[in-house]
Amino acid sequence: MSARIAGAVVVRGGEVVSATGTRRADVLVGDGIVQTIEESLEAPSGALVLDAGGCLVAPALVDLHTHLREPGAEQAETVESGSRAAALGGYSAVVAMPNTTPAIDCASVVRDVRALAETALVDVAVAGAITVGRAGERLVPFAELAGLGVRLFTDDGTGVQDAALLRRALEYAGDLGVILAEHCEDASLAKGGLMHEGSWSSRLGVPGQPALAEEAMLARDLALVRLTGTPMHFLHLSTAGSMRLFAAARAEGLPVTAEVTPHHLSLTDAELASFDPLFKVNPPLRGEDDVAALRRACADGLIDAIATDHAPHPQEAKEAPLEDAPPGMLGLETALSVAWEALVAPGHVSAARLFSLLSGQPARIAGLESSHGGPIAPGRPAQLCVFDPAERVLVEPERLASRSANTPFAGRSLTGKVRHTLVHGEPVVIDGKAQR
Ligand code: DOR
């Protein structure tokens, strides 16, 4: 989607979020950018006035990890439906994961997805695969894809099992200035595991996936970053052990970044006691100690970003028995509320820090910081998320914008509601309703 020229909009009466805190102010938006921020603004004639009373006016969110399913699984999601879900969730940009059918591993598929994204409600940055067909055998044409502006490469859904191949990929990535993003999962250790291996898997008699499946690959990859000096991003880290490994890598000065998901910050493997495939996800929901370690890592600045891993699946697929159902859960429309409940409500992080985890920092990792992720300042592109933390929203799967309904939060009342979302100055969500 290219920048749009929008008419004047005044976002009135909210608390504007900056890196250091919040302040009460009105925001005038026009021509796609923030024009002025003042304590009390006169609306220009003809301007649309959006009420932000009681709300935080924050930089719109940026998702590093969205499965839009197009091409190939349009029954689950499309670029259009996924981008609508993103806008309703307060996002102005998402990174589309390449585990589509065919995979996004060559120039033509990159162009196809970008063409679909031209009319999307939010900006869509396309990620490329690391290996052709995500088969883990041959590298994609990195230089050609980097030349098209692809910035992030990942075989997400699986990890790159072959260490020598990943070493070579890191060498290319270093030369080209692109980022590899790893889904840490050693296939031999994870094989057959339907949930986290721990006391709940033993009690339920369900085959488990050990924390070591994630941690062994993370340790290997950190060693490869040390060897090559190439920056790397780690997707959806989920264990206390991963937090320890990652903290040591950061202390050593390795050029690494990491994300966690809202579901790993809020749910545990105890949910699998229902045997409900809605709670089946990779990496699996972990134990209480892991959740606590992830929350601490968000609070102390170790973790860079919260990313959704929005993974739509058709209802029939998620109604299959646990062993046959695909892993994954929706995230875009609930991420902000779930992360708020996990981190801000219990006092682990400030609202400003939460928005930095969901917006500014992921924008930088995705290379989108010139147009997304704030700060909210005159002259900056107007990507705004107006969020009311005092509202509550009941999650009704059938009412979500996503084509799929596989949310683990179905029937729960969550804290906070996205009231308005502005993308390049255009109000794409007003009073909780998508405008097109
Ligand atoms: O649970 C997951 N589902 N984890 C992934 O890494 C991939 C995702 C999907 O594409 O469904």
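Let me begin by describing the structure that accompanies this report. (Residues numbered from 1 in each chain as written. Predicted model: local features only at pLDDT ≥ 70, side-chain atom pairs only at ≥ 80, totals over all residues. Heavy atoms only, no water.)

**Some words on the site of the ligand**
- Taken together, 14 residues surround the ligand, and among them Arg69, Asn99, His183, Asn282 and His313 come closest.
- The separation between a nitrogen atom of the ligand and a polar main-chain atom of Asn282 is 2.8 Å.
- One of the backbone nitrogen or oxygen atoms of Pro327 is found 3.1 Å away from a nitrogen atom of the ligand.
- Summarising the interface, the protein chains cover 94% of the accessible area of the ligand, which totals 290 Å² for the free molecule.
- Tallied by class, the residues present in the shell around the ligand amount to three nonpolar, eight polar and three charged. (Near = heavy atom within 4 Å. Polar contact = N/O pair within 3.5 Å; in protein donor to acceptor, adjacent residues only side chain to side chain. Areas by Shrake-Rupley, 256 points an atom, 1.4 Å probe, with all protein chains shown as cover. Nonpolar A, V, L, I, M, F, W, Y, C, P; charged D, E, K, R; others polar.)

**Description of the sheet that holds strand E7 (residues 91-96)**
- With respect to topology, three strands assemble into an open sheet ordered E6-E7-E8, the strand pairing being parallel. On the outer flanks of this sheet lie strand E6 (61-66) and strand E8 (123-126), each paired with one strand and no other. Neighbouring strand axes in the sheet, compared pairwise and without regard to direction, differ in orientation by 20° on average.
- Both E7 and E8 contribute to a ladder of four bridges, which runs parallel. Residue pairing for E8: Ala93 is matched across the bridge by Asp123. (Pairing = 2+ DSSP bridges. Helix = DSSP H or I, 4+ residues; strand = E, 2+ residues; numbered from the N terminus. Axes fitted to C-alpha atoms, helices over the stretch in contact; angles between N-to-C directions.)

**A look at the side chain of Glu185**
- Mapping Glu185 onto the fold places it in the loop between strand E10 (179-182) and helix H5 (187-190).
- Although Glu185 is buried, it forms no salt bridge, and the closest oppositely charged side chain is Arg286 at an N-O distance of 7.5 Å.
- Side-chain polar atoms of Glu185 contact the side chain of His183, separated by 2.7 Å.
- Leave out the neighbours within four places in its chain, and Glu185 touches Gly159, Gln161, Ala190, Gln209, Ala213, Met217 and Asn282. (Buried < 20%, exposed > 50% of the residue type's maximum accessible area, 1.4 Å probe, protein only. Lys, Arg positive; Asp, Glu negative; His and termini not counted. Salt bridge = Lys/Arg side-chain N within 4 Å of Asp/Glu carboxyl O. Contact = heavy atoms within 4.5 Å.)

**Some thoughts on the nonpolar core**
- Counting residues in hydrophobic clusters, the biggest one holds 88 residues, and the most contacted among them are Leu180, Phe234 and Leu354.
- Here the element with the most residues in this core is helix H12 (residues 335-344); it accounts for seven residues.
- Beyond its immediate stretch of four places on either side in the chain, Leu354 contacts Ile306, Leu336, Ala339, Trp340, Leu343, Val344 and Val349.
- Core analysis: the second largest hydrophobic core is formed by 18 residues, Val29, Ile37, Ala382 and Ile430 among them. (Core = buried A, V, L, I, M, F, W, Y, C linked by side-chain atoms within 4.5 Å.)

**Quick notes on helix H10 (residues 288-299)**
- Between its terminal C-alpha atoms H10 stretches 17 Å, which fits the 16 Å expected from 12 residues at 1.5 Å a residue.
- Among all positions of H10, only Asp290, Val291, Ala293, Leu294, Ala297 and Cys298 are buried. Buried residues in H10, looked at end-on, bunch into an arc of 160°, giving them a common side. Exposed and facing more than 90 degrees away from the buried side of H10 are Glu288, Asp289 and Arg296.
- Close packing links the buried residues of H10 with strand E11 (195-196), helix H8 (240-252), strand E14 (256-260), helix H9 (262-266), H12 and helix H13 (351-365). (Expected span 1.5 Å × (residues − 1). Arc of directions from axis to C-beta.)

**Digging into the pattern of salt bridges**
- A complete count under the given rule lists 15 salt bridges for this structure.
- Here Arg226 ties to Glu252 by a salt bridge, and the two come within 2.7 Å at their closest N and O atoms. One end of the pair, Arg226, is in helix H7 (residues 211-228); the other, Glu252, is in helix H8, with 26 residues separating them in the sequence.
- Of the residues examined, Arg226 reaches a relative accessible area of 47% and is grouped as partly exposed.
- Look at Glu252 and you get partly exposed, because its relative accessible area is 43%.
- The salt bridge partner of Asp304 is Arg250, with a shortest N-O separation of 2.9 Å. Here Arg250 lies in helix H8 and Asp304 lies in the loop between H10 and strand E15 (305-306), a separation of 54 residues in the sequence.
- Here Asp304 falls in the buried class, since its relative accessible area comes to 12%.
- A single salt-bridge network, built from bridges that share partners, covers Arg12, Arg24 and Asp26.

**Looking at the sheet that holds strand E9 (residues 152-153)**
- If you trace the five strands from one edge of the open sheet to the other, you get E9-E10-E13-E14-E15, paired in parallel fashion. The open sheet has two edge strands with one neighbour each: E9 and E15.
- Of the strand pairs in this sheet, strand E13 (residues 232-234) and E14 are connected by three bridges, and their pairing is parallel. If you follow Met232 over to E14, its bridge partner there is Val256.

**Focus: the state of the cysteines**
- The final tally for this structure, using the stated rule, is zero disulfides.
- No disulfide involves Cys298; its sulfur sits 17 Å from that of Cys184, the nearest cysteine.
- The thiol of Cys385 is unpaired, and the distance to the nearest cysteine sulfur, on Cys55, comes to 9.2 Å.
- Given the relative accessible area of 0%, Cys385 is considered buried. (Disulfide = S-S within 2.5 Å.)

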